[in-house]
Amino acid sequence: MATSAGLLLPLLLLGQPWAGAGAPGEAVVCAGNACYTAHWGKLSAAEAQSHCSKNGGNLATVKSEEEAWNIQRALAQLLELEEALEARMGKFWIGLQREKAKCLDSSLPLKGFSWVGGGEDTLYTNWNREVRSSCVSRRCVSLLLYLSLPSHASHLSKWSEGPCGTPNSPGSNIEGFVCKFSFKGMCQPLALGGPGRVEYRTPFQATSSSLDTVPFASVANVACGDGDEGREHYFLCKEKASDVFDWGSSGPLCVSPKYGCSFNNGGCQQDCFEGGDGSFRCGCRPGFRLLDDLVTCASRNPCSSSPCKGAATCVLGPHRKNYTCLCPQGYQLDSSQQDCVDVDECQDSPCPQECVNTPGGFHCECWVGYEPRGPGEEACQDVDECASGHSPCSQDCTNTDGSFHCFCKEGYVLAGEDGTQCLDVDECEGPEHGLCEGLCLNTQGSFRCSCLPGWELGPDGVSCTAGSTSLAPQTGPPQGEDMGDREGNLVYSSTISRPTGDSEGTSKEPPTMKRPSLPSEAPTTLTAPDMLAPSGPPGEWMEPITHHPKATTDRGENTDEAKQSDNGTDGQKLLLFYILGTVVAILLLLALALGLLVYRKRKAKREEEKEKKPQNAADSYSWAPERAENRALENQYSPTPGTDC
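Residues numbered from 1 in each chain as written. Predicted model: local features only at pLDDT ≥ 70, side-chain atom pairs only at ≥ 80, totals over all residues. Heavy atoms only, no water.

1. Description of the pattern of salt bridges
- Enumeration over the complete set of coordinates arrives at seven salt bridges.
- Arg73 is the salt-bridge partner of Asp212, the closest N and O atoms lying 2.9 Å from each other. Of this pair, Asp212 sits in the loop between β11 (207-208) and β12 (214-215) while Arg73 sits in helix α3 (residues 65-80), and the two are 139 residues apart along the sequence.
- A salt bridge links Arg139 to Glu161; the nearest nitrogen and oxygen atoms lie 2.9 Å apart. (Salt bridge = Lys/Arg side-chain N within 4 Å of Asp/Glu carboxyl O. Helix = DSSP H or I, 4+ residues; strand = E, 2+ residues; numbered from the N terminus.)

What follows is the structure, encoded as structure tokens:
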């Protein structure tokens, strides 16, 4: 059965094409558990990804500097296949992309981009310049490569981001792309003990004769001998045990007694020992042991090959036959048991408020409105935002657990975007023009009522009652109030019925009780009232004066006030006559000016018509006076002198 399987493999591979340096237009580099292929082709990023995925891979990731050097080697090999390259800059797609509607995140190393093959955000980056802040289109990353430089493997290519291109327009300076293929394990290259050649065909359809490691499931074609008629052998890289991969062959290939150990060290990795009959065998140095292929040597110390990766350290087991990988504090072994991953301590909620996980540890933070109780302490305490000198409120502030609230005094309302400022309420505004029966004067945080001439403010500070009237404008502040430099917004309350006095100066309707007058301790603004005249003759106007009621002790004082009210009425009538006389005089002057204007216009029109009238020829002549001899002789026979009859 084994013989049949050994014959079947060569038959299956007879029709496969083989190329000594790989397929045209591509280069292959294998390292670790991955292979990288570089390709020529003016394709869009989507087309390049499709080409890689057809063979089981993705556009290449560059998650570490070691991986970046492997990709650089593949690009250098690709350029060596071309002759006389034009001096220009080319771009090669890699698998770093940012989807549409996902914006730039400058706080992350990858700036919001992610790897096509998935995986966590990596720390390694090599941006050529600042990434453009754009969310409206899909963005892709490529490697910048100067094609004319002689040594391409001496420096790492920079990252450039831009549009991902379309099938008809792949993008500016796009020359090719790089693919990555990952495998579960690798085989060591086959060793030849004599003349011959080896060609490897990988699962992703690439061929090469010089690979540092050969991926699992690859096929090797070995042709022994100096000429074309040499023997051919076929081998398959397969998994012999867990994490152990080999070709299933023992001893060097193409050995020849003619050369012995002189050709390629007999194909041995370390030592080659010749026998007396022209044969030879491989050996290992002290501390190493020969593996089952009789060619390769392995250390007797399992940790000598550094099986543990990353932050993990290798610890020898009993009798030095096995090892165990250990991780530092804050890390734990991953699924391979050879590398370490961070432990998220915040899953156990070790902090009283906010927990922030960090590589290998964590730290606690306080929510907004709280602060640590002391340096290095995890406990949080409330911040008193209303403390003296730190209050954000313009008036009253109340501290709460983790926050605060602003309040305003009576006569103010909260305003501002953050609700920390107070705005004065204009009590004199609104459909009823305030709460006063007469005039309303707005002040900062309050208002004050007043009355029209002839009326006095009632004891409630809101209503108006008939009282004494002053003919002259009041030059000082109202009685009992120090106005200072105040200005007021004066509004007449027109919707409230005004008191109408009778002949005795008393109101027929009692005043309505509204809101008591508040102390005016802030500056006020004066505006024209809506109605300034009290109930009385039309056209009569007086300066608004605020009066305060006086306590009356006898009826005599009431009689004096009534007389003063009559005198005030006569004065108002006299003032009205003066005003009417002035208006009539002004109207007469306006009529005279209008008549003069009409007369001058008519005169100007006649002169204009006269200038336009045509002249006749007789205008240049004048009549001469008649002489005596030219007159007809009087009739001497006329009975009446001077007549003919």
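2. Here's the deal with the sheet that holds β11
- With antiparallel pairing, four strands are arranged side by side in an open sheet as β11-β10-β13-β14. Both outer strands of the open sheet, β11 and β14 (232-236), are each paired with one neighbouring strand and no more.
- Two elements, strand β13 (residues 219-224) and β14, share five bridges in a ladder whose sense is antiparallel. Within β14, the position partnered with Ala223 by the bridge is Glu232. (Pairing = 2+ DSSP bridges.)

3. Overview of the nonpolar core
- Counting residues in each nonpolar core, the largest one holds 34 residues, and the members touching the most others are Trp93, Leu190, Tyr200, Val222 and Trp247.
- Of all elements in the fold, only β1 (26-31), α2 (45-54), β8 (174-182), β9 (186-187), β10 (196-201) and β13 reach the threshold of two or more residues within this core.
- Here this core takes four residues from β8, the largest share from any one element.
- In terms of nonpolar packing, the next biggest core, distinct from the first, is built from 29 residues, Val29, Val131, Leu147 and Val178 among them. (Core = buried A, V, L, I, M, F, W, Y, C linked by side-chain atoms within 4.5 Å. Buried < 20%, exposed > 50% of the residue type's maximum accessible area, 1.4 Å probe, protein only.)

4. Looking at α2
- By the burial criterion, the buried members of α2 are Ala45, Ala48, Gln49 and Cys52. Buried residues in α2, looked at end-on, bunch into an arc of 100°, giving them a common side.
- Summarising the contacts, the buried residues of α2 are in contact with β3 (58-59), β4 (89-98), β6 (139-146) and β8.
- Gly56 sits one or two positions beyond α2 and adopts a positive phi of about 90°. (Arc of directions from axis to C-beta. Contact = heavy atoms within 4.5 Å.)

5. Quick notes on the state of the cysteines
- In this structure the tally under the stated criterion is 21 disulfides.
- What pairs with Cys327 in a disulfide is Cys340, and their sulfur atoms sit 2.0 Å apart. An S-S torsion of about -100° defines the bridge between Cys327 and Cys340 as left-handed. Of the two residues, Cys327 is situated in the loop between β22 (323-326) and β23 (331-333) and Cys340 in strand β24 (residues 340-342); the sequence distance between them amounts to 13 residues.
- Paired through a disulfide, Cys428 and Cys440 show a sulfur-sulfur distance of 1.9 Å. Between Cys428 and Cys440, the S-S dihedral sits near -75°, and the bridge is therefore left-handed. Remark: Cys440 occurs in strand β33 (residues 439-443) and Cys428 occurs in the loop between β32 (421-424) and β33; sequence separation between them is twelve residues.
- Its relative accessible area of 0% is what places Cys440 among the buried residues. (Disulfide = S-S within 2.5 Å.)

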